[in-house]
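Spelled out from the first residue to the last, the chains are:
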Amino acid sequence: MKIEFTKMHGAGNDYIYVNTLKYPLVQPETFAKEWSKPHTGIGSDGLVLIGPSEKGDFSMRIFNADGSEAMMCGNASRCVGKYLYEYGLTDKKEIALETLSGIKTLYLHLQGENVDSVTVDMGAPRDIRTVDLGNGYLFREGTTVNMGNPHLVIFTHDVSAIDLLSEGPSMEHHPLFPNRVNVEFAQILPDGNIRMRVWERGSGITQACGTGACATAVAAAFTGRGKGKTDIIMDGGTLTIEYQPQNDRILMTGPATKVFDGTINMDR
Ligand SMILES: N[C@@H](CCC[C@H](N)C(=O)O)C(=O)O
């Protein structure tokens, strides 16, 4: 049996996308782990399943590279919009996407026949709090924001100086977060935009994180560092985040890029 997949990325956050309307996958956790490996698999930050929905137009499920399932993925939601439109599953330019953290509305921006970028209504941030990380860590304080999935945002004067490989896991597994957490290190730039580097729960260092970019903009506003519409500049690209506290919602805009199509031979 063969399974077709598409490799896509949003600002460098790369996933393997499978249309489960065509290829229903059992045990996606195992495939997420196996296929995400860089040397022996396809290489990715995880696996995304595109499926049917009774509540929206389509659904999305997201599995990290370690096989754990996440409730939401900002970068993948934009790529799902591109996939649905360009592979002819819909001709809508406004799509209701069901995720484990509710319906997210995608607004597709076309260039000719192709989807160039997507704006996602990410809904309302929750659980916004200042937390004391305690002694024995590089940073004492952080801000938690739940964007459907949990984030810890830590502001610093120089993100380039952070050793992500050691600071990331130490925060992901901090006792304050029994379900682990995604970690963003953020630096406010002179123009008010934000440089951010991320350690993702279940996937490690990634080039970008959509929910993390939203969490960073919210944390900046919460701690008096923010502005309404902010560019979050990550290692793999930039997302524009518009936080509207009065409407309790966040709009995320950014690119969606196809890398290649492939086929996996399951009989090998
Ligand atoms: N890359 C994502 C978030 C993916 C899930 C995350 N690692 C989690 O476990 O919550 C994004 O773009 O939002």
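Computed from a predicted structure; not experimentally measured.

As a rule of thumb, nonpolar side chains are buried together in soluble globular proteins. Residues Tyr17, Met60 and Ile241 are the most contacted members of the largest nonpolar core, which totals 51 residues. Sorting elements by how many residues they give to this core places helix α4 (residues 210–222) first, with seven residues. The residues that make up this core include at least three from each of domain 1 (2–121 + 254–265) and domain 2 (126–247). Once you skip the residues sitting within four places of it in the chain, Tyr17 turns out to touch Phe5, Thr6, Met8, Val48, Ile50, Asn75, Ala76, Cys79 and Val80. Core analysis: the next-biggest nonpolar cluster, separate from the first, contains 14 residues, Val131, Phe139, Phe185 and Trp199 among them.

This brings us to helix α1 (residues 28–36). Think of an α-helix as turning once every 3.6 residues; residues three or four places apart then point the same way. All of the buried residues in α1 are Pro28, Phe31, Ala32, Trp35 and Ser36. Each buried residue of α1 lies within a common arc of 110° when the element is viewed along its axis, so the set occupies one face. Contacts made by the buried residues of α1 are with β1 (2–10), β2 (13–19), β3 (46–51), β4 (58–64) and β18 (257–265).

Around the ligand, a shell composed of 15 residues is seen, among which Asn13, Gly74, Glu200, Gly210 and Thr211 lie nearest. For the ligand, a nitrogen atom lies 2.7 Å from a polar atom in the side chain of Asn13. Compared with its free state, where it exposes 360 Å², the ligand has 100% of that area covered by protein. Among the secondary structure elements, those contributing two or more residues to the shell around the ligand are β2, α2 (74–86) and α4.

For the rest of this paragraph, the subject is the pairing of β1. Pairing between β1 and β18: eight bridges, direction antiparallel. Counted as the bridge partner of Glu4 is Thr263 from β18. One ladder, built from five bridges, connects β1 with β2; its direction is antiparallel. Opposite Met8, over in β2, you have Tyr15 as the bridge partner. Counted along the chain from β1 to the antiparallel partner β2, the turn is two residues long, and its residue Ala11 has a positive phi close to 55°.

Attention now moves to the UniProt feature "binding site: substrate" (unreviewed entry) in the protein chain. Residues annotated by UniProt as "binding site: substrate" (unreviewed entry) correspond here to Asn13, Asn64, Gly74, Asn75, Asn149, Asn182, Glu200, Arg201, Gly210 and Thr211. Looking at the secondary structure, you find Gly74 in helix α2. Its relative accessible area of 1% is what places Gly74 among the buried residues. Residue contacts for Gly74: discarding those within four places in its chain leaves Met122, Gly210, Thr211 and Met252. One can find Asn149 in the loop between β10 (141–146) and β11 (150–155). Contacts of Asn149, omitting those with residues within four sequence positions, involve Met72, Asn182, Arg201 and Thr211. Here the side chain of Asn149 touches Met72 through a polar contact of 3.3 Å, landing on its backbone oxygen.

Right, let's talk about the domain arrangement of the protein chain for a bit. Looking at the protein chain, the domain boundaries give domain 1 (2–121 + 254–265) and domain 2 (126–247). Here the C-alpha centroids of domain 1 and domain 2 sit 23 Å apart. Across the contact, 19 residues belong to domain 1 and 18 residues belong to domain 2. By the criterion of area lost to domain 2, the three top residues of domain 1 are Ala11, Asn64 and Met72, representing 31% of everything that side buries. In this structure, the connection of domain 1 to domain 2 is made through one salt bridge. Put simply, Arg180 and Asp66 hold a salt bridge, and the shortest N to O gap is 3.2 Å. Inspection of the region where domain 1 meets domain 2 yields nine residue pairs in polar contact (both at pLDDT 80 or more). At the level of elements, β2, α2 and β17 (249–255) are the ones that each hand at least two residues to the side of domain 1 that touches domain 2.

Conventions we followed
- Residues numbered from 1 in each chain as written.
- Predicted model: local features only at pLDDT ≥ 70, side-chain atom pairs only at ≥ 80, totals over all residues.
- Heavy atoms only, no water.
- Core = buried A, V, L, I, M, F, W, Y, C linked by side-chain atoms within 4.5 Å.
- Buried < 20%, exposed > 50% of the residue type's maximum accessible area, 1.4 Å probe, protein only.
- Helix = DSSP H or I, 4+ residues; strand = E, 2+ residues; numbered from the N terminus.
- Domains from an automatic or database assignment.
- Contact = heavy atoms within 4.5 Å.
- Arc of directions from axis to C-beta.
- Near = heavy atom within 4 Å.
- Polar contact = N/O pair within 3.5 Å; in protein donor to acceptor, adjacent residues only side chain to side chain.
- Areas by Shrake-Rupley, 256 points an atom, 1.4 Å probe, with all protein chains shown as cover.
- Pairing = 2+ DSSP bridges.
- UniProt positions renumbered as here; feature names shortened; annotations may be inferred.
- Buried area = accessible area lost by both parts, 1.4 Å probe.
- Salt bridge = Lys/Arg side-chain N within 4 Å of Asp/Glu carboxyl O.

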